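Structural overview
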Amino acid sequence: MLKKFRLRNAWVHKDTTIDFENGHTTITGRNGKGKSLILEMIQYAFWGSKALRGEAPDYKGVTVELWFTLKGEDYYVIRSAKLVQLSQVLNGGNLVNVIASGTTGVNSAIRCLFGYSFDVFKVANVANQGTISALSGMLP
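The structure contained in this document is the topic of the report that follows. Keep in mind that this is a model prediction, so the values were computed, not measured.

Strand order in the open sheet made by the 6 strands is β2-β1-β3-β4-β5-β6, with antiparallel pairing throughout. In the strand order of this sheet, the two ends are held by β2 (13–19) and β6 (94–101), each with one partner. Taken pair by pair, the neighbouring strands of this sheet meet at an average axis angle of 15 degrees, ignoring direction. For strand β1 (residues 2–10) and strand β3 (residues 63–70), the ladder comprises 6 bridges, and the chain directions are antiparallel. When the sheet's bridge partners are listed, Leu 7 is paired in β3 with Val 64.

Right, here's the structure in full:
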């Protein structure tokens, strides 16, 4: 479950924070306001550059922070040009345990936490326009 998301220096999102409440499952708004970018950046927080629609250098000034709960544990991930880190969060939001640092380490740790790859995540956890039918066509 997503808990909180912060996006800085990403085109229309100079500094955007979203606090997700229990049951919050949609991002709505007028065309051109960055809804797809928010979804892309949430995926980027988890999976790194493979989640990007453009070339990685185009995102070099972007910072993404995501707080989430998975399997009853709270986590925090940050991705920026200078820092990529996954931490466990305890008691009131204190970061207590750095699980992984660096792109490769965080990408691997996220895959282990989820128990599946980005390709499965895209169709099982995200309903991008026109992709929901891909779930039924996936092989084991």
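Attention now goes to the pattern of salt bridges. Tallying each qualifying case throughout the model produces 6 salt bridges. Salt-bridge contacts for Glu 65 lead to Arg 6; the nearest nitrogen and oxygen are separated by 3.8 Å. Separated by 59 residues along the polypeptide, Glu 65 in strand β3 and Arg 6 in strand β1 bring together distant segments of the chain. On the accessibility criterion, Glu 65 (9% relative accessible area) is buried. You can call Arg 6 partly exposed: its relative accessible area is 26%.

We now examine the environment of Ser 49. Here Ser 49 shows up in the loop between α1 (35–47) and β3. Judged by its relative accessible area of 44%, Ser 49 falls in the partly exposed class. Leave out the neighbours within four places in its chain, and Ser 49 touches Tyr 44 and Ala 56.

What counts and how
Residues numbered from 1 in each chain as written. Predicted model: local features only at pLDDT ≥ 70, side-chain atom pairs only at ≥ 80, totals over all residues. Heavy atoms only, no water. Pairing = 2+ DSSP bridges. Helix = DSSP H or I, 4+ residues; strand = E, 2+ residues; numbered from the N terminus. Axes fitted to C-alpha atoms, helices over the stretch in contact; angles between N-to-C directions. Salt bridge = Lys/Arg side-chain N within 4 Å of Asp/Glu carboxyl O. Buried < 20%, exposed > 50% of the residue type's maximum accessible area, 1.4 Å probe, protein only. Contact = heavy atoms within 4.5 Å.

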